[in-house]
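# Understanding the architecture of this molecule
One-letter residues, chain by chain:
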Number of protein chains: 2
Amino acid sequence: MVDMLSFDSTDAAYLDELADYVAVPSVSRDATAETMRTAAQWLAAQLSFAGGRVVDTAGHPVVRGEWLGAPGAPTILVYGHYDVQPTGDLAEWRTPPFELRVDGDVMRGRGVTDDKGPVFIVLKVAQAFIEQEGALPLNVKFLFEGEEEIGSPHLPAYLREHADELAADLVISADGAMWRPSEPSLSIASKGLVTLDVEVSGAATDLHSGRYGGTVANPVHALSEILAGLHAADGRVAVDGFYDGIPELSDERRAAIAAVPFDEDRYRDDLGLDGLFGEAGYSTLERLWERPTLEINGVLAGGKYTVIPHVATAHISCRLVPGQRPERVLQAITDHVLAQKIPGVRVAVRPDKGGVPAYTIPAGHPAIRAATEALAHVYPDQDVLLAVIAGTLPATALFEEVLGAKTLFFSFSTADENLHAPNEFMRISRLREGMRAWERLWRLLADGPHRLAPVRGDGTR
Amino acid sequence: MVDMLSFDSTDAAYLDELADYVAVPSVSRDATAETMRTAAQWLAAQLSFAGGRVVDTAGHPVVRGEWLGAPGAPTILVYGHYDVQPTGDLAEWRTPPFELRVDGDVMRGRGVTDDKGPVFIVLKVAQAFIEQEGALPLNVKFLFEGEEEIGSPHLPAYLREHADELAADLVISADGAMWRPSEPSLSIASKGLVTLDVEVSGAATDLHSGRYGGTVANPVHALSEILAGLHAADGRVAVDGFYDGIPELSDERRAAIAAVPFDEDRYRDDLGLDGLFGEAGYSTLERLWERPTLEINGVLAGGKYTVIPHVATAHISCRLVPGQRPERVLQAITDHVLAQKIPGVRVAVRPDKGGVPAYTIPAGHPAIRAATEALAHVYPDQDVLLAVIAGTLPATALFEEVLGAKTLFFSFSTADENLHAPNEFMRISRLREGMRAWERLWRLLADGPHRLAPVRGDGTR
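Report follows, based on the coordinates. (Residues numbered from 1 in each chain as written. Chains lettered and ligands numbered in written order. Predicted model: local features only at pLDDT ≥ 70, side-chain atom pairs only at ≥ 80, totals over all residues. Heavy atoms only, no water.)

### Description of the sheet that holds strand β11 (residues 293–302) of chain A
Pairing is antiparallel across the open sheet formed by eight strands, whose spatial order is β14(A)-β9(A)-β13(A)-β11(A)-β11(B)-β13(B)-β9(B)-β14(B). Because the sheet does not close on itself, it has two edges, and the strands there are β14 (346–351) of chain A together with β14 (346–351) of chain B. Put simply, the sheet's adjacent strands are angled 25° from each other on average, direction ignored. Inspection of the sheet shows β11 of chain A paired to strand β11 (residues 293–302) of chain B by five bridges, in the antiparallel sense. Residue G298 of chain A lies in a different strand from β11 of chain B, and its bridge partner there is G302 of chain B. On top of the sheet, helix α6 (residues 219–228) of chain B reaches β11 of chain A together with β9 (192–201), β11, β13 (311–320) and β14 of chain B; it is set at about 15° to β13 of chain B, its chief contact. (Pairing = 2+ DSSP bridges. Helix = DSSP H or I, 4+ residues; strand = E, 2+ residues; numbered from the N terminus. Axes fitted to C-alpha atoms, helices over the stretch in contact; angles between N-to-C directions. Contact = heavy atoms within 4.5 Å.)

Following this line, the structure appears as structure tokens:
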């Protein structure tokens, strides 16, 4: 098989087209409905070969389309988003955020790597297939949302209401990012997430630290005790039951992680730290990929004035690994916190809704095998790394629950490309590498040893 | 001796006059220079019998005046302030803050009890003496500042530059407040104050709690450990050396405090608490009056989003008692905090400038004896309580250092009159009680067994 998609000769034309898309300031948090619709319409037009259309929802519209001309072949759902993060401080941008600017090997602009560039790759691959072969190698449904950067508030309802229409054997996400630029990688898991507040309250109002100091319990003292008690000195989470259900890390997995080239000193230096720290008994990469965490994200209490604050609140988040159940983790933390009897204050634990379990796709899944081969084809001199996304991707759990389908992350963004930050960029070479990889991936999923087995949608399941 | 100052017949006229003063919104934090000068000029006009004048300083002007027509008699310096606190939320005020409104037994308005009403009392007493007797019983210098509510930033320099001109045998402050409305009280001590920040820093920037969680020390965890370690479980401050220099509480003083009628249950209920808490081995009133405290006033760190904050800061204040030296207390806390080796973070302690030692005036001082007798004269059926101001009054240390004079607090404000809060008020009866008490106090200090001994200013010291 020859690579039909020769990107090099048309780089400039592609960049011009992508620039039009980046120019739409589709900041889901702030933009007008009209601006969001402009971005959605740009996408729908690109999907004309697949009946592309803008579909109204309770929030910013979604863009849908489908090409179903391969009867008997597997069906995939391609997911991505057209909204972008706010620019942040414009003074920190070296070039205007909504003008695509080429700077050496990279192109810079808000959204270029999250997620406009990666989505653009899929569009161009699909269009090239249609132009050059008159067909795609498999059935493809497209779903692009406009609210990913604000937590996809309307996606669950939309998915549930259109579950039949969106049925697919696999979801492939054009969102996500490769772990680092030094080698190709695939994510085989992402961590779950639960968040909660611990609130300690004392008197009805803030009290003058002189007129009342020493006679009443100080909620900040009490909260500090609670927070200090969440971890043992060796970095383990000290909450009974927190680690329940987690299988022990196998020697095989330890060996695989140990084999990943990872420079701890550089990681430490890049963060501006004197030393790393974490749960005893695990390496940094093991902690990042395989172990759950409990982090205090912030404390809100009083200020720089002489009061005894009447309330002190901490926000806490836990990243979960397979085996942990969100509601059980929240309960264990609640029990642990409330078991500490601190005189003179009231303690409340307020779990947030929407806990997300960890997500995994087996390393032996056809999608991982096909994707590995596709990447090996494009990057022949490099091993493909099976990595874990230590962040949380709520859509994966949602797709699994509603569509019964696993999600393959196949983005050509890289985690170091200033996602969500000023001067967001994407490596230009990733465009053509991405197109070649998607082409190969689709062919592999359609036919051959990694052909996707149908999971639903045609009545065979 | 007969009370010459019969206030009752002229209540209404007095209230009208005070209303003009309250109507000037002399909020030192926000007001224009012109507004502040209007308030100062009102005061200077009231002091026409004493050469009243507005004196420019680096900040808002001071008001000065002196009546020195009693050669051989003692000299006192009357201190007060004409600035007021901001109103806060206007919606919380039941009546317009800058209109003096009579409401039953009280008069309401911003500044009415802090410090416009209490200063008004002194002015009227002095004017009545001049009108009725043609003289004051002793030499009186007046010093009213316009920056008390913003920490008196220019008072120290003004005092030092005019120390000779302000020399007096005693300072009497018309600022301050009686402890509670149930009986007359005098303050024989106030606590000192030191403040500091503890800052714990980690990575160069906030880190995503997923992408980095579990691999680096979290500054909020570390700060919580430090803060939790500042106290022992029994409420004692766990900092070595914190209590150094404090004499043991005598049985006599314990007995005197135990004899003060103090309803702990009501104190607790008024604060909306289920229980009180403090240093083991001391009663609530002992903790408030006789023991130093260390309170965390606030914590600033991250927020309600999934990051590992790169820095977490706590603001801490300590109220000091006699025997403690501010710089030693700060050093002890610094040593204690820095001795805790927490891996992976940097810890800094930043003491604020301007530590204030505790202040005391002996119970046997002629000023306390005379003031006790003056209060007993006005409130014949009640014991006069010798109380401690658990807050800090930096001016007292300043007057002692610069003028060599003790300060007597003789205000007819009461601590429950919403000082600094919406709906500030003052009990109307306090006006006439205050005038009768000041009259008696001045006569007693001028002549008789409590006559003030000269401390300086006439070369005898």
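### Focus: the packing of aromatic side chains
Residue and element names in this part refer to chain B. Inspection of the entire model under this criterion finds 30 aromatic pairs over all chains. Seen from their ring centres, Y79 and F399 are 5.6 Å apart, and the 70° between their planes marks the pair as edge-to-face. Separated by 320 residues along the polypeptide, Y79 in strand β3 (residues 75–81) and F399 in helix α12 (residues 394–403) bring together distant segments of the chain. By relative accessible area, which is 3% here, Y79 ends up buried. We classify F399 as buried; its relative accessible area is 1%. When the centroid spacing of 5.9 Å and the interplanar angle of 85° are considered together, the rings of W438 and W442 count as edge-to-face. Residue W438 and its partner W442 are located together in helix α13 (residues 429–446), separated by four residues, close to a single helical turn. Residue classification places W438 among the buried residues on the basis of a relative accessible area of 1%. Since its relative accessible area comes to 0%, W442 is described here as buried. (Phe/Tyr/Trp six-rings, centres within 6.5 Å; stacked < 30°, edge-to-face > 60°. Buried < 20%, exposed > 50% of the residue type's maximum accessible area, 1.4 Å probe, protein only.)

### Points about the pattern of salt bridges
Evaluated as defined, the whole model comprises 55 salt bridges over all chains. Of the charged contacts in the structure, one is a salt bridge between R291 of chain A and E279 of chain A, with a shortest N-O distance of 2.8 Å. Here R291 of chain A is found in the loop between α9 (284–290) and β11, whereas its partner E279 of chain A is found in the loop between α8 (264–270) and α9, with twelve residues between them in sequence. With respect to class, R291 of chain A is no different from E279 of chain A; both count as buried. Residue E133 of chain B is joined to R443 of chain B by a salt bridge in which the shortest nitrogen-to-oxygen separation is 2.9 Å. Of this pair, E133 of chain B sits in helix α3 (residues 112–133) while R443 of chain B is found in helix α13, placing the two residues 310 residues apart along the sequence. (Salt bridge = Lys/Arg side-chain N within 4 Å of Asp/Glu carboxyl O.)

### A closer look at the relation of the copies chain B and chain A
Expressed as a screw operation, the relation of chain B to chain A combines 0.0 Å of axial shift with a rotation of 180°, fitting to an RMSD of 0.1 Å. As the rotation angle and translation indicate, the two copies are arranged about a two-fold axis. Among all C-alpha atoms of chain B, that of S224 of chain B lies closest to the rotation axis, at 2.2 Å. Take the interface residues of chain B: 100% of them recur as interface residues in chain A, which is what a same-surface contact looks like. (Least-squares fit on C-alpha atoms with pLDDT ≥ 70 in both.)

### What to know about the pairing of strand β2 (residues 62–67) of chain A
Moving residue by residue along a regular strand, the side chains alternate between the two faces of the sheet. Residue and element names in this part refer to chain A. Among the six residues that make up β2, five are buried, leaving the element largely enclosed by the rest of the structure. With three bridges joining them, strand β1 (residues 53–55) and β2 adopt antiparallel strand pairing. Bridge pairing in β2 places V54 opposite V63. Hairpin remark: β1 followed by β2, antiparallel, with six residues in the connecting loop. For β2 and strand β6 (residues 139–145), the ladder comprises five bridges, and the chain directions are antiparallel. Each bridged residue has a counterpart across the sheet, and for R64 the counterpart in β6 is L143.

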